[in-house]
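Take a look at the letters that make up each chain.
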4 protein chains.
Amino acid sequence: MKNKPAFSPKNTARDTTRSKNSILSAALIEFSAHGHAGARIDRIARQAKVSKPLIYAFFGNKDALYTAALREAYVQIRVREQALNLDEMDPENAIRALVRFTLQHFKSNPWFVSILNTENLRGGKSIREIEDLAEIRSDVVNKLDKILQRGVQTGVFRAGVDPLNFYIAIASLCFFPISNRYTLRTVFDCPIDDAWLEQKAEDAAEMALKFLYP
Amino acid sequence: MKNKPAFSPKNTARDTTRSKNSILSAALIEFSAHGHAGARIDRIARQAKVSKPLIYAFFGNKDALYTAALREAYVQIRVREQALNLDEMDPENAIRALVRFTLQHFKSNPWFVSILNTENLRGGKSIREIEDLAEIRSDVVNKLDKILQRGVQTGVFRAGVDPLNFYIAIASLCFFPISNRYTLRTVFDCPIDDAWLEQKAEDAAEMALKFLYP
Amino acid sequence: MKNKPAFSPKNTARDTTRSKNSILSAALIEFSAHGHAGARIDRIARQAKVSKPLIYAFFGNKDALYTAALREAYVQIRVREQALNLDEMDPENAIRALVRFTLQHFKSNPWFVSILNTENLRGGKSIREIEDLAEIRSDVVNKLDKILQRGVQTGVFRAGVDPLNFYIAIASLCFFPISNRYTLRTVFDCPIDDAWLEQKAEDAAEMALKFLYP
Amino acid sequence: MKNKPAFSPKNTARDTTRSKNSILSAALIEFSAHGHAGARIDRIARQAKVSKPLIYAFFGNKDALYTAALREAYVQIRVREQALNLDEMDPENAIRALVRFTLQHFKSNPWFVSILNTENLRGGKSIREIEDLAEIRSDVVNKLDKILQRGVQTGVFRAGVDPLNFYIAIASLCFFPISNRYTLRTVFDCPIDDAWLEQKAEDAAEMALKFLYP
DNA sequence: TATGAATGAGTATTCATTCAT
DNA sequence: AATGAATGAATACTCATTCAT
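All values reported here derive from a predicted model rather than from experimental measurement.

Reading the values: the criteria
- Residues numbered from 1 in each chain as written.
- Chains lettered and ligands numbered in written order.
- Predicted model: local features only at pLDDT ≥ 70, side-chain atom pairs only at ≥ 80, totals over all residues.
- Heavy atoms only, no water.
- Helix = DSSP H or I, 4+ residues; strand = E, 2+ residues; numbered from the N terminus.
- Buried < 20%, exposed > 50% of the residue type's maximum accessible area, 1.4 Å probe, protein only.
- Areas by Shrake-Rupley, 256 points an atom, 1.4 Å probe, with all protein chains shown as cover.
- Near = heavy atom within 4 Å.
- Polar contact = N/O pair within 3.5 Å; in protein donor to acceptor, adjacent residues only side chain to side chain.
- Nonpolar A, V, L, I, M, F, W, Y, C, P; charged D, E, K, R; others polar.
- Least-squares fit on C-alpha atoms with pLDDT ≥ 70 in both.
- Contact = heavy atoms within 4.5 Å.
- Core = buried A, V, L, I, M, F, W, Y, C linked by side-chain atoms within 4.5 Å.
- Buried area = accessible area lost by both parts, 1.4 Å probe.
- Salt bridge = Lys/Arg side-chain N within 4 Å of Asp/Glu carboxyl O.
- Phe/Tyr/Trp six-rings, centres within 6.5 Å; stacked < 30°, edge-to-face > 60°.
- Lys NZ or Arg CZ within 6 Å of the ring centre and 35° of its normal.

1. What about the overall build of chain A?
In step 1: What chain A contains, in helices and strands, is ten helices and zero strands.
In step 2: Element order for chain A, N to C, with α for helix and β for strand: α-α-α-α-α-α-α-α-α-α.
In step 3: Dimensions along the principal axes, computed over C-alpha positions, put chain A at roughly 70 × 45 × 30 Å.
In step 4: Counting every position in chain A, which comprises 214 residues, the buried fraction comes to 51%.
In step 5: Looking at chain A as shown, the accessible area adds up to about 10,300 Å², and 51% of this sits on carbon and sulfur atoms.

Below, the structure written as structure tokens:
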């Protein structure tokens, strides 16, 4: 019981960070899987391999933990967005890449889709509380703006397209089929498998491009 | 105690129906406002002005009530869809009208958006249980199909556009800005008021049409 | 399981009252035995032979239950006070009887002494909330007033003694030795048994009377 | 991390005492403000500006800390009692001074009143544990004894009055109006301000003296 | 059909206490 | 001597569900 290795003096600070991150990851999973009301602190503690009181010591209460998890969701998704490099492609292909990436992004991080929906179901009660909004804001709109400008310069795109509204359109086309996959599947009796989503991405890219052409 | 007046024969059947509908309406409101886990049978009973045991007598348990409310949401939304008449318009205007209607539809029936999201958050656990799917399926895809065919015939639209996929694209463009209004508002700092949504509808119609042109 | 006697239709209303009273009695015992913070809803439920949710259904929360128990303590003590009849005694004996009764009263209803102390320890937070103060107010001061007036008339008591302040003095002399019996016992090493308290009552009566003589 | 300066040899003994006293003061405040069950080790630690483990290192557990705080209450109150000098007054004035002092004493040290009540509510569980009772016992009874003897000698007081019982009577008259101020205030609708208490002291002195006269 | 009373099994949160350094 | 991190065992309170009538 007392055989902790003596060569580990850095324990305190590091373990705290590890515990906090562990809790945050577990909370993110739990809240996106069960929603705000359905999430259980018990499960988060078990998943994070810490005790419940530690969660309360670090985060205060369920609401604050949820808010922290929501923020973490954005932070993680923004980190993953960094990987996207569109500067070297020609404008049309950049748009195609952006659309494919966006859909793929939502598909491979379903907890993000879920926690977004959860938060909107709550009327955005918690996202308003987040202070450091800079870390939450997406850089993609800026990237898109550059692509559009390049396209206008080369004459392949028409001018006057608002990058934010255009990005929201792309996000809509990519988010909805994933977010609503279960109801779509039953109501329209379509498979919603990888191939189907792949096709969605192609359609969306096509639609986006045709909207941009002069 | 069991001396209900014998001279009230209509009581039984009619009141039963009224109670059931009252419960269903209350449940729809409650589930879309609070999600599945956050909904409270107590509140539904109070809102519907019936006792809790009556709810259990009619619907069995919370899950079954939720499923019934979900079904009711679709039924109601399909009823409202009937009002839409597109046959008399020329194809382009019909598309424009369809897009505007769809966005308006989601905007004025936010409980539908909410309960759809709730159900998808649950992985579609309940919608699978609904038996009478015919009543749930939308007729809009058929209407859209006819428009597309008319457009192809008059040469204004290109051929080969799948009506279902095209409808899902339109739904995406209309659903997402409403469904995600709260996070969009905070993250992108845009107003999401009526004017903004109006503009969304115009953009969406434009995008849809350009996708259809030859 | 379904063998409840058919001849008991009055059940509902009566059992409710019985449950409420049962809870109230248990709460009174629990709060006076353990103080406000030390009291346990669990124990109250077990003692009252009802479930915890029923307590919450009837009383709302721990604080409200405590307030109700405090009120009940006063109500019960006032009821017991009614038994006291002093009109037929001569003034001096009436004072003696009043003092003896007061001490005996506190001695045989120790939960009253305890809950009074508990409430004062709380700064009177709850007694302020009680609405129907009439039921809580003691009639003893009025009775005492009459005795004093009779005594003044017969010349055995001096005039000008305020009945309320005089009653508080009597209450002080009777309350303190009982309320503080445990610390007194240890600090002054005196027995604080029935005989000792009996003697206290005689001393108090003597002191009270000498204060009244002209 | 363990680089406390070696040139601080006084540190050990003196700081220990300071920490202990700091804890004790904080505990006294906390226990008298919230009772035994309502007191929080956390708050005591914060108030005393030490860590919780230090409290446990010094005192063992909550109960032992409470006992130490109770003892400290008596010690402090006895220290304050030393100030009282009655030898130079004539017996009647000495009694008056004693009564006034006693009431004033309770009024200006309300934590003493509170912790006494708390301990009695606990059935004296902890005061029994205190070993060094000598330090806890009041010297006032001895002082009072001398006054009574002087009064008997000068013929102003009657003989045969037991000083302990008489002191308890005085304590009763002074303790109760302060201890029970909140319930008295509400039940009898009297102010319980300084003037009222002042009057109480005069009444009590008057009552005490009349009890002593031959 | 309809309901007020009642409850078992949770659920967020707290608190005295200990561990590891 | 001293502490930040951590936890087992409650504790007030809730909620879907059922009982008795």
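2. Digging into the protein's contact with DNA strand F
In step 1: Not every one of the 38 residues close to DNA strand F is listed here, only the nearest: Pro53(A), Arg40(B), Tyr56(B), Lys52(C) and Pro53(D).
In step 2: Taken together, the sugar and phosphate atoms account for 62% of what DNA strand F places within 4 Å of the protein.
In step 3: Contacts to DNA strand F include Arg40(B), whose side-chain N or O atom sits 2.6 Å from a phosphate oxygen.
In step 4: Mapped onto the surface near DNA strand F, the elements with two or more residues apiece are helix H1 (11-38) and helix H3 (52-59) of chain A, helix H3 (52-59) of chain B, helix H3 (52-59) of chain C together with helix H1 (11-38) and helix H3 (52-59) of chain D.
In step 5: By residue class, the composition of the surface near DNA strand F is 18 nonpolar, ten polar and ten charged.

3. Section: the relation of the copies chain B and chain A
In step 1: Of the transformation placing chain B onto chain A, the axial shift is 0.0 Å and the rotation is 180°, giving an RMSD of 0.1 Å. The transformation relating the two chain copies, once decomposed into turn and shift, fits a two-fold axis.
In step 2: Taken together, the interface assignments show that 100% of the residues at the interface of chain B recur at the interface of chain A, consistent with an identical surface on both copies.

4. Things to note about the nonpolar core
In step 1: Among the nonpolar cores identified, the biggest contains 147 residues, and Leu65(C), Ile95(C), Phe166(C), Ile95(D) and Phe166(D) are the most heavily contacted of them.
In step 2: Look past the residues within four positions of Leu65(C) in its chain and what remains in contact with it is Ile23(C), Leu24(C), Ala27(C), Phe31(C), Ile41(C), Ile44(C), Ile55(C) and Phe59(C).
In step 3: Judged by nonpolar contacts, the second largest core, of 146 residues, contains Val140(A), Leu148(A), Phe157(B) and Tyr167(B).

5. A few points about the interface of chain D and chain C
In step 1: Tallying the contact residues gives 53 residues for chain D and 54 residues for chain C.
In step 2: For the pair chain D and chain C, the two sides together bury roughly 4,500 Å², of which 68% comes from carbon and sulfur.
In step 3: Our enumeration of links across chain D and chain C arrives at zero salt bridges.
In step 4: Where chain D packs against chain C, one counts ten residue pairs in polar contact (both at pLDDT 80 or more).
In step 5: Elements with a contribution of two residues or more to the side of chain D that touches chain C: H1, helix H4 (62-82), helix H6 (110-121), helix H8 (163-179), helix H9 (181-188) and helix H10 (194-212) of chain D.
In step 6: It is H8(D) that provides the largest number of residues to the side of chain D that touches chain C, a total of 13 residues.
In step 7: Classifying every residue of the side of chain D that touches chain C gives 27 nonpolar, 14 polar and twelve charged.

6. A short note on the protein's contact with DNA strand E
In step 1: The environment of DNA strand E is made up of 36 residues, and the closest members are Tyr56(A), Pro53(B), Pro53(C), Arg40(D) and Tyr56(D).
In step 2: By atom count, sugar and phosphate contribute 61% of the portion of DNA strand E lying within 4 Å of the protein.
In step 3: At 3.3 Å, a backbone N or O of Ile41(D) approaches a phosphate oxygen of DNA strand E.
In step 4: Secondary-structure elements contributing two or more residues to the surface near DNA strand E are H3 of chain A, helix H1 (11-38) and H3 of chain B, helix H1 (11-38) and H3 of chain C together with H3 of chain D.
In step 5: Looking at side-chain class alone, the surface near DNA strand E contains 17 nonpolar, ten polar and nine charged residues.

7. Section: the interface of chain B and chain A
In step 1: Counting residues at the interface gives 53 residues for chain B, matched by 53 residues for chain A.
In step 2: When chain B packs against chain A, close to 4,500 Å² is buried across both sides, 68% of that on carbon and sulfur atoms.
In step 3: There are ten residue pairs in polar contact (both at pLDDT 80 or more) connecting chain B and chain A.
In step 4: Listed by contribution, the elements that provide at least two residues to the side of chain B that touches chain A are H1, helix H4 (62-82), helix H6 (110-121), helix H8 (163-179), helix H9 (181-188) and helix H10 (194-212) of chain B.
In step 5: Of the residues forming the side of chain B that touches chain A, the biggest block, 13 residues, is contributed by H8(B).

8. Overview of the arrangement of the chains
In step 1: With no contact between them, chain B and chain C keep their nearest C-alpha atoms 9 Å apart.
In step 2: Separated in space, chain B and chain D share no contact, their closest pair of C-alpha atoms being 33 Å apart.

9. Some remarks on the pattern of salt bridges
In step 1: On inspection of all chains with the given rule, the structure shows 36 salt bridges over all chains.
In step 2: Across the pair Asp63(A) and Arg122(A) runs a salt bridge whose closest N-O atoms are separated by 3.9 Å. Residue Asp63(A) is found in helix H4 (residues 62-82), and its partner Arg122(A) is found in the loop between helix H6 (110-121) and helix H7 (140-153); the two are separated by 59 residues along the sequence.
In step 3: Judged by relative accessible area, Arg122(A) falls into the buried class, the value being 18%.
In step 4: Salt-bridge contacts for Arg43(B) lead to Glu30(B); the nearest nitrogen and oxygen are separated by 2.7 Å. With a gap of 13 residues between them, Arg43(B) in helix H2 (residues 41-48) and Glu30(B) in helix H1 connect regions that are remote in the sequence.
In step 5: Among the charged side chains, a network of salt bridges with common partners joins Asp63(A), Glu119(A) and Arg122(A).

10. Comments concerning unusual backbone geometry
In step 1: Backbone geometry at Ile192(A) places phi at a positive 55°, although glycine is not the residue there.
In step 2: Here Ile192(A) is to be found in the loop between helix H9 (181-188) and helix H10 (194-212).
In step 3: Note on Ile192(A): relative accessible area 7%, which makes it buried.
In step 4: Its identity as a non-glycine residue notwithstanding, Asp189(C) has a phi of 55°, on the positive side.
In step 5: Take Asp189(C): its relative accessible area is 60%, and that puts it in the exposed class.

11. Observations regarding the packing of aromatic side chains
In step 1: The tally for this structure, following the rule as stated, stands at 32 aromatic pairs over all chains.
In step 2: Their ring planes at 80° and their centres at 6.4 Å tell us that Trp111(C) and Phe112(C) sit as a pair that is edge-to-face.
In step 3: You can call Phe112(C) buried: its relative accessible area is 4%.
In step 4: One aromatic cluster is present, built from ring pairs that chain together Tyr74(A), Phe106(A), Trp111(A), Phe112(A), Phe175(A) and Phe176(B).
In step 5: The ring of Phe211(B) has Arg158(B) sitting right over it, with the charged end atom 4.7 Å from the ring centre.

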